Amino acid sequence: MRMIFIGPPGAGKGTQAARLVERYAIPHISTGDMFRAAVAAGTPLGKQADAHMRDGRLVPDEVTIGLVMERIGQDDAQGGFMLDGFPRTVPQAEALDRALSAAGLQLDVVLVLEVPDDLIVDRITGRRSDPETGEIYHVTFNPPPPSIAGRVIQRRDDTEEACRRRLAGFHSQTAPIVPFYEAKGIVRRVDGVGAPDEVTTRITAALTGS
Ligand code: ADP
Ligand code: ADP
């Protein structure tokens, strides 16, 4: 199964992707996670991405496309993958399409997780994560257990200002890629409002066609 997950920042892509990859036994490839790891490790890639990410702006396409093409060429992605956070621009979508076509492959599903803008800021500013496991929490909607609460961290781009910039970027640069996939008939839209378990049930239904 080759699928991509599209949705505004804070829609719940990471939360849901973690559940889906277990079910389908495919790697969860999150460009945001890859860039954050590169920044933390101080690699040349991290140095290129750092300032863009901090301000809630996209990392340039040529950097991002190279990173993803290399990742999906690795052994564990040969049987499928779940791309989360990529493609985010039309040139990224076109580059993915070209690379897959050249290998005689195609995407199976594009999941579009829909959450209205007015819910996004609360989800983002309350987001926390466990640096040891990567588990995603929310101060109100999914609080970490007491044994973990002392060590959770907040992303530095999860401020209201950076969130609003990412949301604007989603509407201007990412939403326009959906028609590109609609033309291929592989888009499944899922309502992302409600408890995470309800959203998982909707996604499963959308994927199985039931
Ligand atoms: P969110 O979970 O809020 O949607 P991500 O973790 O996916 O955010 O991305 C965090 C940041 O990493 C983005 O604001 C951007 O700077 C960078 N980034 C991630 N994916 C891409 C991409 N496909 N193209 C360009 N920049 C990206
Ligand atoms: P994305 O990867 O799309 O940026 P995340 O999965 O990181 O989104 O979720 C953003 C925040 O919203 C996290 O704090 C997460 O715990 C919370 N969250 C995820 N799904 C839901 C949901 N269905 N209802 C309420 N909060 C949610």
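Scroll up a little and you will see the structure.
To keep things clear, this report deals only with the structure shown in the data block.

A closer look at the overall build of the chain
Within the chain, the regular secondary structure consists of 10 helices and 7 strands. Whereas a compact globule of 210 residues would reach a radius of gyration of roughly 17 Å, the chain reaches 16 Å, a difference of no more than 12%. When the backbone C-alpha atoms are referred to their principal axes, the chain occupies close to 50 × 45 × 35 Å. Counting over 210 residues, the chain shows a buried share of 45%.

Things to note about the side chain of R166
Along the chain, the position of R166 falls in helix α8 (residues 160–174). The residues contacting R166, other than those within four sequence positions of it, are P9, G56, I124, R127, R155, D157 and D158.

Quick look at the packing of aromatic side chains
Counted by the stated rule, this structure contains 1 aromatic pair. When the centroid spacing of 5.0 Å and the interplanar angle of 80° are considered together, the rings of F180 and Y181 count as edge-to-face. According to the relative accessible area criterion, F180 is partly exposed, its value standing at 25%. Residue class for Y181 comes out buried when judged on its relative accessible area of 1%. The ring centre of F180 lies 5.3 Å from the NZ or CZ of K184, which sits over that ring.

Description of the site of ligand 2
Taken together, 18 residues are adjacent to ligand 2, and G10, T15, R127, Y137 and G194 come closest. In the model, an oxygen atom of ligand 2 is placed 2.8 Å from a nitrogen or oxygen of the G10 main chain. Isolated, ligand 2 exposes 560 Å² of accessible area, and the fraction of that covered by the protein chains is 93%. Of all the secondary-structure elements, those providing two or more residues to the shell around ligand 2 are α1 (13–24), β6 (136–138) and α10 (196–208). Tallied by class, the residues present in the shell around ligand 2 amount to 9 nonpolar, 6 polar and 3 charged.

A closer look at helix α6 (residues 117–125)
Within α6, the full set of buried residues consists of I120, V121, R123 and I124. The elements touched by buried residues of α6 are β5 (127–129), β6 and α8.

Rules and cut-offs
Residues numbered from 1 in each chain as written. Chains lettered and ligands numbered in written order. Predicted model: local features only at pLDDT ≥ 70, side-chain atom pairs only at ≥ 80, totals over all residues. Heavy atoms only, no water. Helix = DSSP H or I, 4+ residues; strand = E, 2+ residues; numbered from the N terminus. Rg over C-alpha atoms; globule rule 2.2 N^0.38 Å. Buried < 20%, exposed > 50% of the residue type's maximum accessible area, 1.4 Å probe, protein only. Contact = heavy atoms within 4.5 Å. Phe/Tyr/Trp six-rings, centres within 6.5 Å; stacked < 30°, edge-to-face > 60°. Lys NZ or Arg CZ within 6 Å of the ring centre and 35° of its normal. Near = heavy atom within 4 Å. Polar contact = N/O pair within 3.5 Å; in protein donor to acceptor, adjacent residues only side chain to side chain. Areas by Shrake-Rupley, 256 points an atom, 1.4 Å probe, with all protein chains shown as cover. Nonpolar A, V, L, I, M, F, W, Y, C, P; charged D, E, K, R; others polar.

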